[in-house]
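Chain by chain, the residues:
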Amino acid sequence: MATPAVRMFRRLEGLFCVYKPPGVHWKLVRDSVETNLLKGLNSTPAKPLPREVRFLTSAGGDAEGQKALTVSAVSLPVLSHHPLVTGPEFCNIRVGVGHRLDAFSSGVLVLGVGHGNKVLDDLYKTRVTRDYTLEGEFGTATDNFSHTGRVVERSTYDHITLDKLDRVMAMLQGVNQKALLMHSNVDMHSQEAYEMAVRGLLGPDGKSVPILTGLRCLRFEPPNFTLEVQCLNETQKYLRKVIHEIGLELRSTAVCKGVRRTRDGPFTLHDALVRHRWAAADIMQAIQGYHSSKKKKHISQE
Amino acid sequence: MASSCAQLCVRCRTLCQKSLTVTRQASVQFGHSFTVIWTYNRVGNACLPIRGNHTAAEARKRWKHQMSSHTELTLDHFSTDATEEKHKECLVPISDNVPETQSELLDAAAEFSALEEISDEEALSMCVPSAVPPASFSLRDYVDKSVMLRKLVQLGVNLWKLEQKPNVGTMLLRLDFDTDVAPKLLFLKELGVEDSRFGYIITTNPYILTESLENLQTRVNYLKSKKFSSETVASMVSRAPYLLNFSVKRLDNRLGFYQQQLNTSASNTRNIVARLPRLLCGSLEPVKENLKVCQIELGFKQNEIQHIVFAVPKVLTANKGKLTQIFDFLHNNMKVPHHLIAKFPQVLNSKYLRIRERHLFLEYLGRAQYDPALPNYISLDRLVSLPDEPFCTELASATLEDYYLFQKTL
């Protein structure tokens, strides 16, 4: 028979996503989620203590003053099962983190609880694309490509127009498209490759260099601009470097002011839990939501 | 295989005990390699060698030798059986190579069957091993047996936390409730500590049970001589359980330190210490560091520091990295001058992420205005202390959903 805590834990197993604020390490996010889950699990009502029958001996004082042992049967709770003695039921939970976000960037971070970790692994074995929005600023270059780094160069940006930016991005996208074809292990002259390309399935299996599959300018107000990027196998540092290279291509310099992930595989910003909702109840709701959405998808596919 | 053989042998033995003159052979096939035949010969004292060229006596000697090398317990059982029931059992292994499985077989055979009847004398002579283990990693094994531990659990002491401290488990088990613990609890109760706090006090500081009563009394007397009222002492003890474990000299030292470092009057020091008694228990180095950080790194004046510490004593024990992070954001991003921060020291006690999210939201709405001289002034105190909903409606004039959506755009 499972205790309430175990039953609650079973309902907690699965995937969900949180919104990681910028400036916080992903480990801190994971740890605080784990602590909150433990708090929720261990605050469930404990099972009532089992009782056992004990024979208590008490010296019954007779009228004659004789010593006589009277044994009385009493039903007592077994204290060795008391929560103060056994300690909390759960001391650690396996909470796994999906594709990482470094401290500088923010956005959707997928977490798996319990046997959700296995699902998480399977999710990343398939080819998952991720969406990012990148904030850039023309005019400076820094050593770590972000605006917090040490400035190494300054430049003018008056000559940059949206047209020029679009041209550079189109060039970048072409290069990445070529890389995508190169890393997909299919012969380009075959029927198979054609069919995969028609269905949009061409792409690398497993590890590869970072590939941008889509690039778009959302906002252009020099010196600030915002890009939307879809990519595979990227790191946030690589994305910041992309901004830097766009700046160089435009005969200027640029730094990245923010990296924000808006989608990770099936998880979007809409599902993400903001910081104050990282409690066990909200997380459980999110996980149930994920399960039901998966079931719905399954049914509609059939 | 072995267990079934063992059962067979036990049955043999019980049968023999009932009928004296029965000679029974039980042959058991062990795989393909060998055969063992056990013979219980009970006719008189004569032991007949059945097969092979060993005599019975020799065989018995060899048998005993093997048995002693395997297990002494089974041997005991066999010998007592033999003497008590005045029967002579002769076990003759036939094959020369004695198999190893035989020892297992005999171990199992030595245990009585559950169906076997035993006499009252036998039942009395059996000694039941006590359930309490001589050594254990956990106090759990002793709770049901020890009066002391049971009473502690009833008081609300978290034994699970205590057993993780080194040597505390042994110390608790050696104590006696009536002579060691009860006087201290009564002492604390006389002091004015509430009953519900006993569990917390003993959980955090089990060593208070081993302090002597005179020591505790002198420390309380010292605190009272420093004009702490008796209610204050009680609340201090219940919030900082280690307080009474420190010597009078050390307490005096610390009180002097705070008065000197903060350069305040005795009553102010008393007030600060009464509100945060953990200051008297912890190390003084971090406190010194925090004061230096406030003075040099953050650039507060002496009287401003005094005011901050008097309003929020927790600043003294806060993490200095977090202090500077919050101050950096307040001063450099929100452009709040020093005197305003000193006026609302609660901001130094709040969370960095909370301040940042709220400030960015207000800035996005164009309401981030922290100068009291200008209209639409937002005080720092209200910025950090209000819960989310009043913050949105009163300060930001926005809905809660908008605020949460905004957090996802950071």
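Residues numbered from 1 in each chain as written. Chains lettered and ligands numbered in written order. Predicted model: local features only at pLDDT ≥ 70, side-chain atom pairs only at ≥ 80, totals over all residues. Heavy atoms only, no water.

A. The arrangement of the overall build of chain A in detail. Along its length, chain A carries eight helices and twelve strands. In terms of overall dimensions, chain A is more spread out than a globule: its C-alpha atoms have a radius of gyration of 29 Å, far above the 19 Å expected for 302 residues. Each of the three principal axes of chain A carries a C-alpha extent, and together these read 115 × 50 × 25 Å. Here chain A holds 302 residues, and 44% of them are scored as buried. The contacts of chain A with a sequence gap of at least 6 include a subset with a gap of at least 24, amounting to 71%. On chain A, roughly 16400 Å² of surface is accessible, and the fraction owed to carbon and sulfur atoms is 55%. (Helix = DSSP H or I, 4+ residues; strand = E, 2+ residues; numbered from the N terminus. Rg over C-alpha atoms; globule rule 2.2 N^0.38 Å. Buried < 20%, exposed > 50% of the residue type's maximum accessible area, 1.4 Å probe, protein only. Contact = heavy atoms within 4.5 Å. Areas by Shrake-Rupley, 256 points an atom, 1.4 Å probe, with all protein chains shown as cover.)

B. Examining the nonpolar core more closely. Grouped together as the largest cluster of nonpolar side chains are 110 residues, with contacts concentrated most on Leu159(B) and Leu172(B). Apart from the residues within four sequence positions on either side, Leu159(B) is in contact with Leu84(A), Val85(A), Leu139(B), Val143(B), Leu149(B), Leu152(B), Val153(B) and Leu172(B). Formed by 52 residues, the second largest nonpolar core is a distinct cluster that contains Val24(A), Val33(A), Leu165(A) and Val259(A). (Core = buried A, V, L, I, M, F, W, Y, C linked by side-chain atoms within 4.5 Å.)

C. Examining the pairing of strand E1 (residues 14-20) of chain A more closely. With seven of seven residues buried, E1(A) is to be regarded as a mostly interior element. By the alternation rule, side chains of E1(A) split into Gly14(A), Phe16(A), Val18(A) and Lys20(A) and Leu15(A), Cys17(A) and Tyr19(A), which are all buried.

D. Structural view of the UniProt feature "domain: Pseudouridine synthase II N-terminal" (unreviewed entry) in chain A. UniProt annotation of "domain: Pseudouridine synthase II N-terminal" (unreviewed entry) refers to residues 94-236 of chain A when read in the numbering used here. Taken end to end, residues 94-236 of chain A is 29% helix and 33% strand, and its two terminal C-alpha atoms sit 25 Å from one another. (UniProt positions renumbered as here; feature names shortened; annotations may be inferred.)

E. Fine view of the packing of aromatic side chains. Residues and elements named next belong to chain B. Enumeration over the complete set of coordinates arrives at twelve aromatic pairs over all chains. Each ring, one from Phe329 and one from Tyr352, has its centre 5.7 Å from the other, and the planes form 90 degrees; the classification is edge-to-face. Residue Phe329 is located in helix H19 (residues 320-333), and its partner Tyr352 is located in helix H21 (residues 352-365); the two are separated by 23 residues in the primary sequence. Using a relative accessible area of 5% as the deciding quantity, one classes Phe329 as buried. (Phe/Tyr/Trp six-rings, centres within 6.5 Å; stacked < 30°, edge-to-face > 60°.)

F. Expanded view of the state of the cysteines. Residue and element names in this part refer to chain A. This structure, assessed with the given rule, holds zero disulfides over all chains. No disulfide involves Cys17; its nearest neighbouring cysteine sulfur is the one of Cys231, lying 17 Å away. Among the cysteines around Cys217, which has no disulfide bond, Cys256 carries the closest sulfur, lying 14 Å off. For Cys217, a relative accessible area of 17% puts it in the buried group. (Disulfide = S-S within 2.5 Å.)

G. Up close: the pattern of salt bridges. Scanning the model with the defined rule gives 24 salt bridges over all chains in all. For Arg219(B), the salt bridge identified is with Glu211(B), shortest N-O distance 3.2 Å. Relative accessible area serves as the criterion here: at 8%, Arg219(B) is assigned to the buried category. Each of the salt bridges in this network shares a partner with another, and the network as a whole consists of Arg130(A), Glu234(A), Arg261(A) and Asp264(A). (Salt bridge = Lys/Arg side-chain N within 4 Å of Asp/Glu carboxyl O.)

H. Broad picture of the side chain of Glu304(B). All names here are of chain B. With respect to the helices, strands and loops of the structure, Glu304 is situated in helix H18 (residues 302-311). Buried Glu304, no salt bridge; nearest opposite-charge side chain is Lys301, N-O distance 4.2 Å. A distance of 2.9 Å separates the side chain of Glu304 from the backbone nitrogen of Lys301, its partner in a polar contact. Not counting chain neighbours up to four residues away, the residues in contact with Glu304 comprise His338, His339 and Ala342. (Lys, Arg positive; Asp, Glu negative; His and termini not counted. Polar contact = N/O pair within 3.5 Å; in protein donor to acceptor, adjacent residues only side chain to side chain.)

I. Representation of the domain arrangement of chain A. If you check the domain split of chain A, you get domain 1 (51-84) and domain 2 (129-264). Domain 1 of chain A and domain 2 of chain A are separated by 79 Å when their C-alpha centres are compared. (Domains from an automatic or database assignment.)

J. Broad picture of the interface of chain A and chain B. With 24 residues of chain A at the interface, the matching set in chain B holds 20 residues. Counting the contacts that link chain A with chain B gives two salt bridges. Measuring nitrogen to oxygen at the nearest pair gives 3.1 Å for the salt bridge that ties Glu357(B) to Arg275(A). When residues of the side of chain A that touches chain B are assigned to their parent elements, the largest contribution, three residues, is made by helix H3 (residues 83-86) of chain A.

K. Molecular detail of the environment of Leu186(B). All names here are of chain B. Inspection of the secondary structure puts Leu186 in helix H10 (residues 177-191). You can call Leu186 exposed: its relative accessible area is 52%. For Leu186 and Val153, which are 33 residues apart along the polypeptide, the C-alpha to C-alpha distance reads 17 Å.

L. Seen up close, helix H12 (residues 213-225) of chain B. Residues and elements named next belong to chain B. Here H12 is 13 residues long and its end C-alpha atoms lie 18 Å apart, about the 18 Å a rise of 1.5 Å per residue gives. Here H12 has its buried residues at Leu216, Arg219, Val220, Tyr222 and Leu223. End-on view of H12: buried residues confined to an arc of 155 degrees, all on one side of the axis. Where H12 is buried, its residues contact H10, helix H13 (230-239) and helix H14 (248-262). Positive phi appears at Lys227, one or two residues downstream of H12, with a value of about 70 degrees. (Expected span 1.5 Å × (residues − 1). Arc of directions from axis to C-beta.)

M. Quick look at the packing of H21(B) against helix H23 (residues 388-396) of chain B. All names here are of chain B. One can describe the packing of H21 onto H23 by two numbers: an axis separation of 12 Å at closest approach and a directional angle of 30 degrees. Comparing their axes, H23 and H21 come out roughly parallel. Crossing hand, H21 versus H23: right-handed. Two secondary-structure elements touch here, H21 through Arg358, Phe361, Leu362 and Leu365 and H23 through Asp388, Phe391, Leu395 and Ala396. Grouping the constituent residues of the contact of H21 with H23 by class yields six nonpolar, no polar and two charged. (Axes fitted to C-alpha atoms, helices over the stretch in contact; angles between N-to-C directions. Parallel < 35°, antiparallel > 145°, perpendicular 65-115°, else oblique. Left-handed = near helix turned anticlockwise from the far one by under 90°. Nonpolar A, V, L, I, M, F, W, Y, C, P; charged D, E, K, R; others polar.)

N. Up close: helix H5 (residues 162-183) of chain A. All names here are of chain A. A rise of 1.5 Å per residue sets the reference length of H5, with its 22 residues, at 32 Å; its end C-alpha atoms lie 31 Å apart and thus fit the reference within 8%. By the burial criterion, the buried members of H5 are Leu165, Val168, Met169, Leu172, Asn176, Ala179 and Leu180. For H5, the arc enclosing every buried residue in end-on projection is 125 degrees, short of the 170-degree limit, so these residues lie on one face. Structural note: H5 exposes Arg167, Lys178 and Met182 on the side pointing more than 90 degrees away from its buried face. In the core, the buried residues of H5 are packed alongside strand E6 (130-138), strand E9 (211-221), strand E10 (224-232) and helix H7 (236-249).

O. Fine view of the environment of Pro390(B). You can see Pro390(B) is positioned in helix H23. For the pair formed by Pro390(B) and Leu400(B), sequence separation is ten residues and the distance between their alpha carbons is 9.1 Å.

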